[in-house]
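# Structure assessment
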Amino acid sequence: MALTKEHIREALSAIAHPAGGDLVARGCVLNIAVCDEHASVRICMTQGNPSEPQPSRDQLAKMGALVDSMVRAAAKEQGIDALGLIVDFVDHQGEVIMKLKGDAKGVARQQNKDDPKTPTPQNNAATGVPGVKHIIAVGAGKGGVGKTTVAVNLAIGLGRKGHAVGLLDGDIYGPSLPTMLGLHSVEQVVLEGALQPFMAHGVKSITMGKLVDAEKPLIWRGPMAHGAFHQLIERTQWGELDYLIIDLPPGTGDVPLTLAQSVQLTGAVVVCTPQRVAQDDAVRASAMFESLGVEVLGVVENMSYFIGDDGKEYDIFGRGGAQQMAQRLNHPFLGAIPINMALRENCDGGKPTHNFDSKTAGGEMLPKALETLVDQLEAQVMLASMGKGSSKPTLTVS
Ligand code: ADP
């Protein structure tokens, strides 16, 4: 027995719409996705009537609880007792106006500090950075999936939206920010013992790559790596920042773990390519963050698909794999970045802002994908900030 889209559609057709008819008949159910014991449903309550005002948040929450219980009942009939369910209510532009996430016990379940599922708060030794509102780590289960590329583009995208942004190259073994930001001809300035961040492309940045010989391999033992990382964070004169993005070393070994643990993070972004093996690594990365009590703000699927000269889309690595993984783990999916030659050239050529201009990004697709990522991240940061506290509801609103 397996839960299918049809089972869910049937369950939703039993829910009456306040204006008459049922949710399915009125065309309100825009999308249903099912994968093993995880499902998501996308609903627009005013579908077909753009002039109608959206229901209040209270009404949406009630409708969400109803959807949850009906879908869960359908899942039970198929032998699934613990369904992971995401219900997104969207407006006519497809913007999510409310997101409900439910586990086995339903969307309205509240987590409390005695609940074993509640992540332990981040290590007390973790410190914030004075003047910095949100610190976000970008991690990946393994190298080469585009973690630094995503960190750089998120930082630049946030900067383009008017935020004060810093970017810290925590990938101390293989710092690639000097290349990606085109910092080769500038020197690191130290004023009264404080490292002065580079100001390039609208973002402040700091990297070990400008403090050591770029040609020599960087061999750090655990404590040295930790020390080097702290020097970068604490000795840098960041000033006031809305966001500090940290590009973590890849993997889930001691070094990324210690670094992620040592600074008070708002949350983490996990970068992954769509293949199954990459997903397994990303699942481990996300488990690492959760074990540290760091909220996973979302998953990014990089190298999602390729657009050939013939204009066709090719799903080289099996597009959508990371999205399904995010759904399975109940993490937000921030978006997908296609394999794009302009992106590689712009990043490796130190001109990352070119990714945001259709004339230098090989068309509209890349800038749009990056802007979506940035918007989604902003929304998730806002949610994470709202949810901080000892009892955090699983009911999330966006
Ligand atoms: P990581 O930090 O995970 O090791 P990088 O961000 O350094 O990976 O990316 C590795 C290489 O892949 C870089 O040359 C980068 O420009 C390229 N790359 C990353 N993402 C894409 C993409 N979506 N399309 C094309 N090239 C990409």
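The structure this text deals with has already been given above.
Residues numbered from 1 in each chain as written. Predicted model: local features only at pLDDT ≥ 70, side-chain atom pairs only at ≥ 80, totals over all residues. Heavy atoms only, no water.

### Observations concerning the packing of aromatic side chains
Evaluation of the coordinates by the stated rule reveals zero aromatic pairs. Across from the ring centre of tyrosine 305, 3.7 Å away, lies the NZ or CZ of arginine 319, which sits over that ring. (Phe/Tyr/Trp six-rings, centres within 6.5 Å; stacked < 30°, edge-to-face > 60°. Lys NZ or Arg CZ within 6 Å of the ring centre and 35° of its normal.)

### What about unusual backbone geometry?
You will see that methionine 303, though not glycine, has its phi angle at about 55°, which is positive. Turning to its location among the elements, methionine 303 is positioned in strand E13 (residues 296–307). Looking at methionine 303, the relative accessible area reads 25%, which means it is partly exposed. (Helix = DSSP H or I, 4+ residues; strand = E, 2+ residues; numbered from the N terminus. Buried < 20%, exposed > 50% of the residue type's maximum accessible area, 1.4 Å probe, protein only.)

### Details of the side chain of histidine 17
Inspection of the secondary structure puts histidine 17 in the loop between helix H1 (5–12) and strand E1 (29–35). Judged by its relative accessible area of 7%, histidine 17 is buried. Those residues in contact with histidine 17, other than ones at most four positions away along the chain, are Asp22, Leu23, Arg26, Cys28 and Met45. (Contact = heavy atoms within 4.5 Å.)

### Section: the sheet that holds strand E4 (residues 96–102)
Pairing within the open sheet is mixed, and its four strands lie in the order E1-E2-E3-E4. Looking at which strands have only one partner, the edges of the open sheet turn out to be E1 and E4. Going from strand to strand, the sheet's axes swing by 10° on average, the running direction of each strand aside. The pairing of strand E2 (residues 38–43) with strand E3 (residues 84–90) spans six bridges and is classified as parallel. Bridging across to E3, serine 40 finds its partner in isoleucine 86. (Pairing = 2+ DSSP bridges. Axes fitted to C-alpha atoms, helices over the stretch in contact; angles between N-to-C directions.)

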